[in-house]
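# Survey of secondary and tertiary structure
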Amino acid sequence: MTPTHDDPSPEGAPPSRVSLAYANLLGPAMDSGGGVDPLRLAPGGDLDARFAEALGVFHEREAAGELGFVALPGDAEARDTVQELADSFGQWFEDLVVVGIGGSTLGGRALADALLGSHWNDRTPDEREHYPRIHFLENPDPDTVTALLARVDPRTTLFNVISKSGSTAETMALFLVIEEAVEAAVGPEKARGHFLFTTDPEDGVLRRLARERGIPALSVPPAVGGRFSVLSPVGLLPAAVGGVDLAELLGGAGDMLGRCRSPRLAENPAGLLAVLLHAADRELGAPIHVMMPYADRLRSLALWFQQLWAESLGKARRTDGTSAGTGPTPLAALGAVDQHSLLQLFMEGPADKVVIFLRVVEAGVSVTIPRRHPAEPALAYLGGHTLESLLEAERRATAEALRVAGRLSATLELSRLDARTLGGVFMLFQVATVLAGALYGVNPLDQPGVEAGKGFTYGLLGREGSTAPTLRDEDEGGFRA
Ligand code: PA5
């Protein structure tokens, strides 16, 4: 068993793009004696057997039509519909505002940040090759909404309102505020030409309004849940409006899905991630799973992972009805910035974390640090290195320091930050999540806790048919300073 899982890249196939280095999760690497015994992962080992069972559950769920996300890479019709809309309607505007929350925006934002690059919205139209600026409006914070509506011109802005259910209070409230602002700017007749909905194919208020008013609407397939929707029109539309190559993105996801179907654990990166992270939580006392990319463009990907892992695995009940109260705690961090913030805790605080580093091998842009101030030791040694080699040295140093301190880590290497690689990463973590759900014995596809919170909000705000919860007075007992 090799502790690195590489893309096998058969002859003629594109070069290796995503590989998982997991030696620092295994016993032999950990001087302190922690880590997983590699023999447990080998054929005949108990973790290999657990993986086989989890893969069986994956297949059952897929056969039952529950895993809509696995069909997305092959859904050429959805891809072409999105592409057509993005190339025509999407390009008439100077700004695209994506309105939604949770799974409706985290994937799209991760895609845009990773593939369009830093400061996209600050670039000139020429620098953006005339693709629109793209904004994500998620929180119904009056400050943010007011500032954004003052910044974009409603007459040249398209609002992509995304809600699978068409009922999430935050998104619906933002829609109402925006609709009024757009109507005030362009008149009620023209206003509908500034909206594009992404929602359930049949149900919900957005679908109804789309039908009644002739507003274009994309569909989220029924078996695709919010946090598994990044490769559906939810994430594809904003990506395509920004010029991302959808065929490459979905092609990379499809390739990765093939790898993640392998029954051989040593060749299945999703299986390895799921089995090792589950064992870290349940056996090695490491329930906190930190995703730490060393690339600013992947910061939002870590936030996407945080939601995927948390909302899928944090469950009160197992699928067999027994009470669980289980689930790892994901945490998004950024290297090297959080070396100066969280790392002290990771190194010397409770040994309850696994750090999953994300490394981009070919940075794409290179900046050489100039050789200046040769007499200043604090500056001279940096001259001649590149910023990307500095970042990688920091990552390597951090991984090694964690290892020496007996702290678990793994590294996911992305050969470069392009659509194909990113499609693979999205698919990898989605399959790993379903496998992890099986290992924890929970349903990774539902979110009863989120629904309960939504129900309380409806009740408090007086939505018809909902019941207001009785709130305990927060001042009860007089505790207020
Ligand atoms: O992943 C999920 O299911 C949730 O995070 C939803 O995406 C989120 O609650 C928004 O739901 P909707 O798209 O129905 O507005």
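First things first, this report covers the structure right here in the doc. These figures come from a predicted structure and were not determined experimentally.

### Observations concerning the sheet that holds strand E4 (residues 133–137)
As summarised here, the arrangement of the five strands in space is E4-E3-E5-E6-E7, forming an open sheet in which the pairing is parallel. Of all strands in the sheet, those bounded by a partner on one side alone are E4 and strand E7 (217–219). Averaged over all neighbouring strand pairs, the angle between strand axes comes to 20°, with direction disregarded. As paired elements, strand E3 (residues 95–99) and E4 share five bridges and run parallel to each other. Directly across from valine 97, in E4, lies its bridge partner histidine 135. Along the sheet, helix H7 (residues 205–213) contacts strand E5 (157–163), strand E6 (195–199) and E7; its crossing angle with E6, the most-contacted strand, is approximately 140°.

### Topic: the side chain of aspartate 352
On the secondary structure map, aspartate 352 appears in the loop between helix H12 (343–348) and strand E12 (353–362). For aspartate 352, a relative accessible area of 18% corresponds to the buried category. Among the polar contacts listed, one links the side chain of aspartate 352 to the side chain of lysine 353, at a separation of 2.6 Å.

### Focus on the site of the ligand
Residues in contact with the ligand amount to 14 residues; listed here are only the nearest, Ser104, Ser163, Ser165, Thr168 and Gln307. In the model, an oxygen atom of the ligand is placed 3.0 Å from a nitrogen or oxygen of the glycine 103 main chain. Residue serine 104 places a side-chain N or O atom 2.7 Å away from an oxygen atom belonging to the ligand. If the ligand stood free it would expose 380 Å²; the protein chains cover 92% of that surface. Looking at side-chain class alone, the shell around the ligand contains one nonpolar, nine polar and four charged residues.

### Concerning the nonpolar core
Membership of the largest hydrophobic core comes to 104 residues, with the highest contact counts inside it found for Phe69, Leu298 and Trp304. The biggest single contributor to this core is helix H15 (residues 419–440), with 14 residues. Looking at which domains feed residues into this core, each of domain 1 (4–63 + 249–446) and domain 2 (68–244) supplies at least three. Every residue in contact with leucine 298, bar those within four places of it in the chain, is listed here: Ala114, Pro293, Leu358, Val360, Leu414, Leu417 and Leu422.

### Focus: the pattern of salt bridges
Summed over all chains, the structure comprises 26 salt bridges. Where glutamate 189 meets arginine 192, a salt bridge forms, and the shortest distance between an N and an O atom there is 3.3 Å. Close ionic contact of arginine 416 with aspartate 418 constitutes a salt bridge, the shortest N to O distance being 3.7 Å. For arginine 416, a relative accessible area of 23% translates into the label partly exposed.

### Section: the packing of helix H11 (residues 299–313) against H15
Each packed pair of helices is defined by two parameters, the angle between the axes and the distance between the axes. Between H11 and H15, whose axes approach to 10 Å, the crossing angle comes to 20°. Overall, the two elements H11 and H15 adopt an arrangement that is roughly parallel. Seen along the crossing, H11 lies across H15 with a hand that is right-handed. Mapping the contact onto sequence places Leu301, Trp304, Phe305, Leu308, Trp309, Ser312 and Leu313 in H11 and Val425, Phe426, Phe429, Gln430, Ala432, Thr433, Ala436, Gly437 and Tyr440 in H15. Grouping the constituent residues of the contact of H11 with H15 by class yields 12 nonpolar, four polar and no charged.

### With respect to the side chain of serine 232
Mapped onto the fold, serine 232 is located in the loop between E7 and helix H8 (233–241). Taking relative accessible area as the criterion, serine 232 reaches 0% and is therefore assigned buried. Those residues within four positions of serine 232 in sequence are excluded, and the remaining contacts are Leu72, Val220, Pro221 and Val224.

### A look at the pairing of E3
Each regular strand shows side chains that alternate between the opposite faces of the sheet. With five of its five residues buried, E3 lies for the most part within the structure. Residues Asp95, Val97 and Val99 point to one face of E3 and Leu96 and Val98 to the other, with burial holding for every one of them. Each parallel crossover has a hand, and the one from E3 via helix H3 (residues 106–116) to E4 is right-handed. Inspection of the sheet shows E3 paired to E5 by five bridges, in the parallel sense. Each bridged residue has a counterpart across the sheet, and for aspartate 95 the counterpart in E5 is threonine 157.

### Examining a nonpolar patch on the surface
There is a patch of nonpolar side chains on the surface, built from Val365, Val367, Leu387 and Leu390 and spanning about 320 Å² of accessible area. Among the structural elements, leucine 387 can be located in helix H14 (residues 387–404). The exposure class assigned to leucine 387 is partly exposed, which follows from its relative accessible area of 41%.

### Brief notes about the packing of aromatic side chains
Evaluation of the coordinates by the stated rule reveals 11 aromatic pairs. Relative to phenylalanine 93, the ring of phenylalanine 89 has its centre 5.5 Å away and its plane inclined at 80°; by these criteria the two rings are edge-to-face. For the pair formed by phenylalanine 89 and phenylalanine 93, the shared burial category is buried. The side chain of arginine 395 reaches across the aromatic face of phenylalanine 357, ending 5.9 Å from its centre. Between the NZ or CZ atom of arginine 463 and the centre of the ring of tyrosine 458, over which it lies, the distance is 4.5 Å.

### Focus on the environment of valine 57
Within the secondary structure layout, valine 57 lies in helix H1 (residues 46–63). On the accessibility criterion, valine 57 (29% relative accessible area) is partly exposed. Through-space distance from the C-alpha of valine 57 to that of alanine 438 is 6.4 Å; in sequence the pair is 381 residues apart.

### Brief notes about unusual backbone geometry
Of note, the amide linkage connecting glycine 335 to alanine 336 takes the cis form, showing an omega dihedral of 0°. As for its placement among the helices and strands, alanine 336 is situated in the loop between strand E11 (329–332) and H12. A positive phi angle, near 65°, is found at histidine 130, a position not held by glycine. Here histidine 130 shows up in the loop between H3 and E4. We classify histidine 130 as exposed; its relative accessible area is 54%.

### Brief notes about the pairing of strand E10 (residues 323–326)
Of the two faces of E10, only one is covered, namely that formed by Ala324 and Thr326; the face formed by Ser323 and Gly325 stays uncovered. Judged from the two bridges that link them, strand E9 (residues 315–317) and E10 form a sheet pairing that is antiparallel. Within the sheet, the bridge partner assigned to lysine 315 lies in E10 and is threonine 326. Here E9 folds back onto E10 in antiparallel fashion, the turn holding five residues, of which glycine 321 has a positive phi close to 90°.

Rules of the game
- Residues numbered from 1 in each chain as written.
- Predicted model: local features only at pLDDT ≥ 70, side-chain atom pairs only at ≥ 80, totals over all residues.
- Heavy atoms only, no water.
- Pairing = 2+ DSSP bridges.
- Helix = DSSP H or I, 4+ residues; strand = E, 2+ residues; numbered from the N terminus.
- Axes fitted to C-alpha atoms, helices over the stretch in contact; angles between N-to-C directions.
- Contact = heavy atoms within 4.5 Å.
- Buried < 20%, exposed > 50% of the residue type's maximum accessible area, 1.4 Å probe, protein only.
- Polar contact = N/O pair within 3.5 Å; in protein donor to acceptor, adjacent residues only side chain to side chain.
- Near = heavy atom within 4 Å.
- Areas by Shrake-Rupley, 256 points an atom, 1.4 Å probe, with all protein chains shown as cover.
- Nonpolar A, V, L, I, M, F, W, Y, C, P; charged D, E, K, R; others polar.
- Core = buried A, V, L, I, M, F, W, Y, C linked by side-chain atoms within 4.5 Å.
- Domains from an automatic or database assignment.
- Salt bridge = Lys/Arg side-chain N within 4 Å of Asp/Glu carboxyl O.
- Parallel < 35°, antiparallel > 145°, perpendicular 65-115°, else oblique.
- Left-handed = near helix turned anticlockwise from the far one by under 90°.
- Right-handed = clockwise from strand over helix to strand, strands pointing away.
- Patch = residues over 30% accessible without salt bridge, like charges linked within 9 Å, V, L, I, M, F, W, Y side chains within 5 Å.
- Phe/Tyr/Trp six-rings, centres within 6.5 Å; stacked < 30°, edge-to-face > 60°.
- Lys NZ or Arg CZ within 6 Å of the ring centre and 35° of its normal.

Keep in mind that these numbers describe shape and distance, not what the molecule does.
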